[in-house]
Amino acid sequence: MAKISVGVLGATGMVGQNYIALLNDHPWFEVRYVAASPRSAGKKYKDAVAGRWQLAKTYAPPVGEIMVEDANDVSRAVAAFKRGDCSFVFSALEMGKDETRALEEAYAAAGIPVVSNASAHRWTPDVPMLIAEVNHQHADIIPTQQKARGWNRGFIVVKPNCSIQSYMAPVHALAKAGYTAERIIVSTLQAVSGAGYPGVPSLDMIDNIVPYIGGEEEKSEKEPLKIFGTIENGVFQNAALPKISAHCNRVPVTDGHTACVSLEFGAKKPSSMEEIIKIWTTYRSLPQELDLPMAPKQPIIYREENDRPQPRKDRDTDKAMAVVIGRLRPCNVFDIRFTALSHNTVRGAAGGGILSAELLKHKGYLG
Ligand SMILES: NC(=O)c1ccc[n+]([C@@H]2O[C@H](COP(=O)([O-])OP(=O)(O)OC[C@H]3O[C@@H](n4cnc5c(N)ncnc54)[C@H](OP(=O)(O)O)[C@@H]3O)[C@@H](O)[C@H]2O)c1
């Protein structure tokens, strides 16, 4: 099978580098187009990332030779599409929200589908915010989105914020089993790579914790409601629950966002901690026959040790795509409490975006 050519917008940044590395040897997709800011445009990719490549794994040599384009110039991507080098794009741009929103729409209008990590379109009413296992059926809005905007081939789907990734699948698994979360209090311990590169100044991070990440608590409290929402009359209607109170902290960890969660169920409550662990470890939401290359074999791993999960030891579990949970116990105020971990730049960003694209290909929207 010939591979589908893909472009990465923001290819030189933290998330963009993860896309480039994760797409090395991908069985379905091949990077043939890269774009970033005008600062990087006109350089070979290997020169644009020289001295700022952040990952242990490197990029494929042919990608290093690709000339970086200006992501603001959609006509360059359209030309690449016409010569077969850019069938769709992953967007990992970090620029103003209004500029990102307009630019991603310009790609979609020009016939180039956009799978985005940026927050600009998360609240656009007809744009799905996908976590493949949790709400893959939300991709079904794509034909409605295309029709409403007069787009032929292009569309936009987005990923949610990386800080909520570790507890959305566990909450969804419990809801699928009939135990709906009504109230959640969560404290996150978020890695510095979540702020991009160069990110938070080292003097703010060494020997320190910063108890504020701009906009993150609002995103953590609102985004789950769209993800658990429904499609009605061509737009998303948010779920009413769970009500969430979030405390988001930046901690001196390179990769991996940890969340300490207290959760209260509605009237129907699980009978025991053992029942909850069984629900989590047997959770399979994507149909098995899909066999998507980036999907973790077991989306939720439970660690019995009382000092796990830990970012350094657990973030890379199953291609860094699994959520790792531990410390499930009764809560004195709500019903249960637990600690959850997910890799922010892989599961929470590039890996999650690739999994969304695999799902979209399976559903016939990409190719
Ligand atoms: N880091 C994470 O864990 C994470 C997780 C989920 C979502 N996200 C989201 O993913 C996106 C990328 O985040 P990041 O952490 O990778 O940021 P980053 O390291 O700062 O990278 C930003 C990228 O955007 C490009 N860029 C900046 N200004 C531009 C402009 N005016 N025009 C065109 N391109 C421009 C940069 O190109 P140059 O290199 O040429 O400057 C670079 O490629 C953001 O929207 C972020 O919110 C990040």
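Residues numbered from 1 in each chain as written. Predicted model: local features only at pLDDT ≥ 70, side-chain atom pairs only at ≥ 80, totals over all residues. Heavy atoms only, no water.

Overview of the pairing of strand β2 (residues 29-36)
Working step 1: The element β2 is largely enclosed, with a buried count of six among its eight residues.
Working step 2: Sheet analysis places strand β1 (residues 4-9) next to β2, joined by six bridges and oriented parallel. In the sheet register, Leu9 faces β2, and the bridge partner there is Ala35.
Working step 3: Of the crossover connections in this fold, the one passing from β1 over helix α1 (residues 14-22) to the parallel β2 is right-handed.
Working step 4: In terms of strand pairing, β2 meets strand β3 (residues 69-70) through two bridges, oriented parallel. Counted as the bridge partner of Ala35 is Glu69 from β3. (Buried < 20%, exposed > 50% of the residue type's maximum accessible area, 1.4 Å probe, protein only. Helix = DSSP H or I, 4+ residues; strand = E, 2+ residues; numbered from the N terminus. Pairing = 2+ DSSP bridges. Right-handed = clockwise from strand over helix to strand, strands pointing away.)

As for the packing of aromatic side chains
Working step 1: For the structure shown, the criterion picks out eleven aromatic pairs.
Working step 2: Between the aromatic rings of Tyr45 and Trp53, the centroid separation amounts to 6.4 Å while the plane-to-plane angle is 85°, which identifies the pairing as edge-to-face.
Working step 3: The buried category is assigned to Tyr45, whose relative accessible area is 0%.
Working step 4: For the ring pair Tyr45 and Tyr59, a centre distance of 5.6 Å and an interplane angle of 85° mean the geometry is edge-to-face. With Tyr45 in helix α2 (residues 45-48) and Tyr59 in the loop between α2 and α3 (61-64), this residue pair connects regions lying 14 residues apart in the sequence. (Phe/Tyr/Trp six-rings, centres within 6.5 Å; stacked < 30°, edge-to-face > 60°.)

A short note on the packing of α1 against helix α14 (residues 346-362)
Working step 1: The N-to-C vectors of α1 and α14 enclose an angle of 50°; their axes lie 9 Å apart at closest approach. By the angle class used here, α1 and α14 are oblique. Crossing of α1 over α14 shows right-handed handedness. Facing Val15, Asn18, Tyr19 and Leu22 of α1, the residues of α14 in contact are Val346, Ala349, Ala350, Gly351, Gly353 and Ile354.
Working step 2: A per-class count over the contact of α1 with α14 returns seven nonpolar, three polar and no charged. (Axes fitted to C-alpha atoms, helices over the stretch in contact; angles between N-to-C directions. Parallel < 35°, antiparallel > 145°, perpendicular 65-115°, else oblique. Left-handed = near helix turned anticlockwise from the far one by under 90°. Contact = heavy atoms within 4.5 Å. Nonpolar A, V, L, I, M, F, W, Y, C, P; charged D, E, K, R; others polar.)

Describing the pairing of strand β13 (residues 323-330)
Working step 1: Of the pairings in the sheet, the one linking strand β12 (residues 300-302) to β13 comprises three bridges and is parallel in character. Directly across from Ile301, in β13, lies its bridge partner Val324.
Working step 2: Bridging between β13 and strand β14 (residues 336-342) involves five bridges; their strand directions are antiparallel. Among the inter-strand pairings, Pro330 is bridged to a residue of β14, identified as Ile336.

Here's the deal with the sheet that holds β13
Working step 1: Here six strands make up an open sheet; going across it, the order is β10-β7-β11-β14-β13-β12 and the pairing mixed. In this open sheet, the two strands that pair with only one neighbour each are β10 (243-250) and β12. Across this sheet, the average inter-strand angle for adjacent strands is 25°, counted without regard to direction.
Working step 2: In the sheet, strand β7 (residues 181-190) pairs with strand β11 (residues 257-265) via eight bridges, with the strands oriented antiparallel. Counterpart to Val186 in the pairing with β11 is Val261.
Working step 3: This element, helix α10 (residues 216-227), spans β7 and β10 of the sheet and lies at about 145° to β10.

Focus: the nonpolar core
Working step 1: Ranked by internal contacts, the top residues of the largest apolar core, which has 56 residues, are Tyr107, Leu263, Trp280 and Phe338.
Working step 2: Looking at this core, you find at least three residues from each of domain 1 (4-161 + 349-362) and domain 2 (162-342).
Working step 3: Sequence-distant contacts of Trp280, that is, excluding residues within four places in its chain, are made with Pro170, Ala173, Leu174, Ile300, Tyr302, Ile325, Leu328 and Phe338.
Working step 4: Core analysis: the next-biggest nonpolar cluster, separate from the first, contains 46 residues, Val49, Leu130, Ala139 and Ala295 among them. (Core = buried A, V, L, I, M, F, W, Y, C linked by side-chain atoms within 4.5 Å. Domains from an automatic or database assignment.)

Here's the deal with the site of the ligand
Working step 1: Within the structure, the ligand sits among 27 residues, and Thr12, Val15, Ser37, Ser40 and Arg52 are positioned closest to it.
Working step 2: One of the side-chain N or O atoms of Asn72 is found 3.1 Å from a nitrogen atom in the ligand.
Working step 3: Between the ligand and Tyr197 there is a distance of 3.1 Å, counted from an oxygen atom to a backbone nitrogen or oxygen.
Working step 4: Considering the ligand on its own, with 900 Å² of exposed area, one finds that the protein chains cover 86% of that surface.
Working step 5: Going through the elements one at a time, α1 and α14 are the ones with two or more residues in the shell around the ligand.
Working step 6: Counted by class, the shell around the ligand contains eleven nonpolar, 13 polar and three charged residues. (Near = heavy atom within 4 Å. Polar contact = N/O pair within 3.5 Å; in protein donor to acceptor, adjacent residues only side chain to side chain. Areas by Shrake-Rupley, 256 points an atom, 1.4 Å probe, with all protein chains shown as cover.)

Some remarks on the sheet that holds β2
Strand pairing in a sheet relies on backbone hydrogen bonds. The paired strands run either parallel or antiparallel.
Working step 1: Taken together, six strands build an open sheet; the order of strands is β3-β2-β1-β4-β5-β6 and the sheet is parallel. Either end of the sheet is taken by a strand with one partner, and the two such strands are β3 and β6 (156-158).
Working step 2: Here three bridges tie strand β4 (residues 88-91) to strand β5 (residues 114-116), and the two strands are oriented parallel to one another. Within β5, the residue paired with Val89 across the bridge is Val114.

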